[in-house]
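# Results of the structural survey
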Amino acid sequence: EMNREPWRWVDFANYGAAGLEIESKPFGKGSERLAYRFHEITDDTYGSKRVGKTMVAKDSVHLIERETKEAFHEDFCLVQATAYNLAEKYNTAVRTSPLLKSTTEEAKPPELRFM
């Protein structure tokens, strides 16, 4: 069954990370979203230090109010999770269907990869 809760707690990707440093100006702008570079950072008595690789955070261009933004991102995450789950279900159905068993690699049905 699909998890309909779009928010879940995740740990930092890098050991020792305690926060995030996000650039104030986007490096990319599309018609719907802004893209910002960000890093995980440490937090110790000598100041913060970047750890790990540069990552990308996206934000909506059109929404301003915090509540509206949060609702937009909740819907966006739910759509992304739904698309991923549907792709997985499709791939499982194709792999297990006797009618779609191919005799050669070239005749193999395509697999959906959701990114």
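Notes on the structure in this doc start here.

## Here we look at the side chain of Glu40
- Counting through the fold element by element, Glu40 comes out in strand β3 (residues 33-41).
- Buried within the structure, Glu40 lacks any salt-bridge partner; Arg50 is the closest side chain of opposite charge, at an N-O distance of 12 Å.
- Here Asn14 takes part through its side chain, which lies 2.7 Å from a polar atom of the side chain of Glu40.

## Observations concerning a nonpolar patch on the surface
- A cluster of nonpolar side chains, namely Phe12, Leu20 and Ile22, defines an oily patch on the protein surface of about 270 Å² accessible area.
- Structurally, Phe12 is set in the segment before β1 (19-22).

## Remarks on the layout of surface pockets
- Taken as a whole, the second largest pocket spans an internal volume of roughly 200 Å³.
- Lining of the second largest pocket is provided by Asn91, Val94, Arg95, Ser97, Leu100, Lys101, Ser102, Lys108, Pro109, Pro110 and Glu111.
- When its residues are assigned to classes, the lining of the second largest pocket shows four nonpolar, three polar and four charged.

## Observations regarding the packing of aromatic side chains
- Taken as a whole and judged by the stated rule, the model has zero aromatic pairs.
- It is Arg37 that lies over the ring of Phe27; its NZ or CZ is 4.2 Å from the centre.

## Some remarks on the pattern of salt bridges
- In the structure shown here, the tally under the stated rule is four salt bridges.
- Of the charged contacts in the structure, one is a salt bridge between Arg37 and Glu23, with a shortest N-O distance of 3.6 Å. A residue pair is termed long-range when its members are at least 10 positions apart, and Arg37 in strand β3 and Glu23 in the loop between β1 and β2 (28-29) qualify at 14 residues.
- Exposure remark for Arg37: the relative accessible area of 34% places this residue in the partly exposed category.

Conventions and cut-offs
Residues numbered from 1 in each chain as written. Predicted model: local features only at pLDDT ≥ 70, side-chain atom pairs only at ≥ 80, totals over all residues. Heavy atoms only, no water. Helix = DSSP H or I, 4+ residues; strand = E, 2+ residues; numbered from the N terminus. Buried < 20%, exposed > 50% of the residue type's maximum accessible area, 1.4 Å probe, protein only. Lys, Arg positive; Asp, Glu negative; His and termini not counted. Salt bridge = Lys/Arg side-chain N within 4 Å of Asp/Glu carboxyl O. Polar contact = N/O pair within 3.5 Å; in protein donor to acceptor, adjacent residues only side chain to side chain. Patch = residues over 30% accessible without salt bridge, like charges linked within 9 Å, V, L, I, M, F, W, Y side chains within 5 Å. Areas by Shrake-Rupley, 256 points an atom, 1.4 Å probe, with all protein chains shown as cover. 1 Å grid on protein atoms, 1.4 Å probe; cavity = no way out; pocket = protein on both sides within 12 Å on 5 of 7 lines; lining within 4 Å. Points joined across faces, edges and corners; volume = space filled by probe spheres on them. Nonpolar A, V, L, I, M, F, W, Y, C, P; charged D, E, K, R; others polar. Phe/Tyr/Trp six-rings, centres within 6.5 Å; stacked < 30°, edge-to-face > 60°. Lys NZ or Arg CZ within 6 Å of the ring centre and 35° of its normal.

Just geometry here; none of it tells us what the structure is for.
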